[in-house]
Amino acid sequence: AVVSTQSTGEYAITSAMHDGRFDPISKSEVSKLSVNVSLLVGFEDGANYLDWTVGKHGIKIEFPMGRSSLTATFLPEVAAERNWSRETTIDRLLRKAGVQGEISQELKDSIKLIRYRSEKVSMTFQEYLVHNEGAAKLLNGHCNGTD
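Cut-offs applied
- Residues numbered from 1 in each chain as written.
- Predicted model: local features only at pLDDT ≥ 70, side-chain atom pairs only at ≥ 80, totals over all residues.
- Heavy atoms only, no water.
- Helix = DSSP H or I, 4+ residues; strand = E, 2+ residues; numbered from the N terminus.
- Polar contact = N/O pair within 3.5 Å; in protein donor to acceptor, adjacent residues only side chain to side chain.
- Contact = heavy atoms within 4.5 Å.
- Pairing = 2+ DSSP bridges.
- Salt bridge = Lys/Arg side-chain N within 4 Å of Asp/Glu carboxyl O.
- Buried < 20%, exposed > 50% of the residue type's maximum accessible area, 1.4 Å probe, protein only.
- Core = buried A, V, L, I, M, F, W, Y, C linked by side-chain atoms within 4.5 Å.

*Asks:* Could you clarify how one ought to interpret the side chain of His57 in this entry?
*Replies:* Relative to the elements of secondary structure, His57 occurs in the loop between strand 1 (34-45) and strand 2 (58-65). At 3.0 Å, the side chain of His57 forms a polar contact with the backbone nitrogen of Thr53. Once residues lying within four places of it in the same chain are set aside, the contact partners of His57 are Glu44, Trp52, Pro76, Arg115, Tyr116 and Arg117.

Structure follows, in structure tokens:
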């Protein structure tokens, strides 16, 4: 799916200001923000659930559970940062997807794995302002006004 720059910006503002899991970002905090975006590239089907490399690939798994399918994903850096093996990462990803109880070999063998890489892009708010003259208008139109 193609996502427009405008919808991405609107989603970022909505997440920053209206995500109930976090306190809204105040205007006084905005100048201190930076953003890191992982661009996911090079999607490939894996031959099996272990057909990926820690630190190189992110993985998305899909597997049958009852009458539906469950999915979950980890970015490439997740397993490497936590020093997880491929097996441990798969177990953690199965739990993230909602599996409770025993993780059987049969369940692991039912996994459809997609591996990918990510390219990280980082930018401070000040760098963003230099590249986007309309940022102040967008910000002023969506901020909650708290300091």
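Read on for the rest.
*Asks:* Honestly, the pairing of strand 3 (residues 68-74) in this entry has me stumped. Any pointers?
*Replies:* Looking down a regular strand, the side chains alternate between one sheet face and the other. Two strands pair when backbone bridges link them, and strand 2 and strand 3 are joined in this way by seven bridges, in the antiparallel orientation. Following the sheet pairing, Pro64 is matched in strand 3 by Ser69. Between strand 2 and the antiparallel strand that follows it, strand 3, lie two residues; Gly66 among them carries a positive phi value of about 65 degrees.

*Asks:* How do you make sense of the pairing of strand 4 (residues 112-124) when you look at a structure like this?
*Replies:* The pairing of strand 1 with strand 4 spans ten bridges and is antiparallel. Among the inter-strand pairings, Asn36 is bridged to a residue of strand 4, identified as Ser122. Sheet analysis places strand 2 next to strand 4, joined by five bridges and oriented antiparallel. Bridging across to strand 4, Glu62 finds its partner in Lys112.

*Asks:* Where do I start with the pattern of salt bridges in this structure?
*Replies:* Side chains that differ in sign of charge can pair as their charged atoms come close. Evaluated as defined, the whole model comprises six salt bridges. Glu81 is the salt-bridge partner of Arg82, the closest N and O atoms lying 4.0 Å from each other. Given a relative accessible area of 45%, Arg82 falls into the partly exposed group. Connected via shared salt-bridge partners are Glu44, Asp51 and Arg115.

*Asks:* Looking at this structure, I do not really get the nonpolar core. What am I missing?
*Replies:* Most often, soluble globular proteins keep nonpolar side chains buried together rather than apart. With 19 residues, the main nonpolar core has Ile61, Phe63, Ile90, Leu94, Ile111 and Leu113 as its most contacted residues. When contributions to this core are tallied by element, the ones reaching two or more residues are strand 2, strand 3, helix 3 (76-82) and helix 4 (86-97). Of all the elements, helix 4 adds the most residues to this core, at four residues. Beyond its immediate sequence surroundings of up to four residues, Ile90 is in contact with Tyr49, Trp52, Ile59, Ile61, Lys108, Ile111 and Leu113. Counting five residues, the second largest nonpolar core, distinct from the first, contains Ile13, Ile25, Val30 and Phe125.

Remember, this is a structural readout, not a statement about activity or role.
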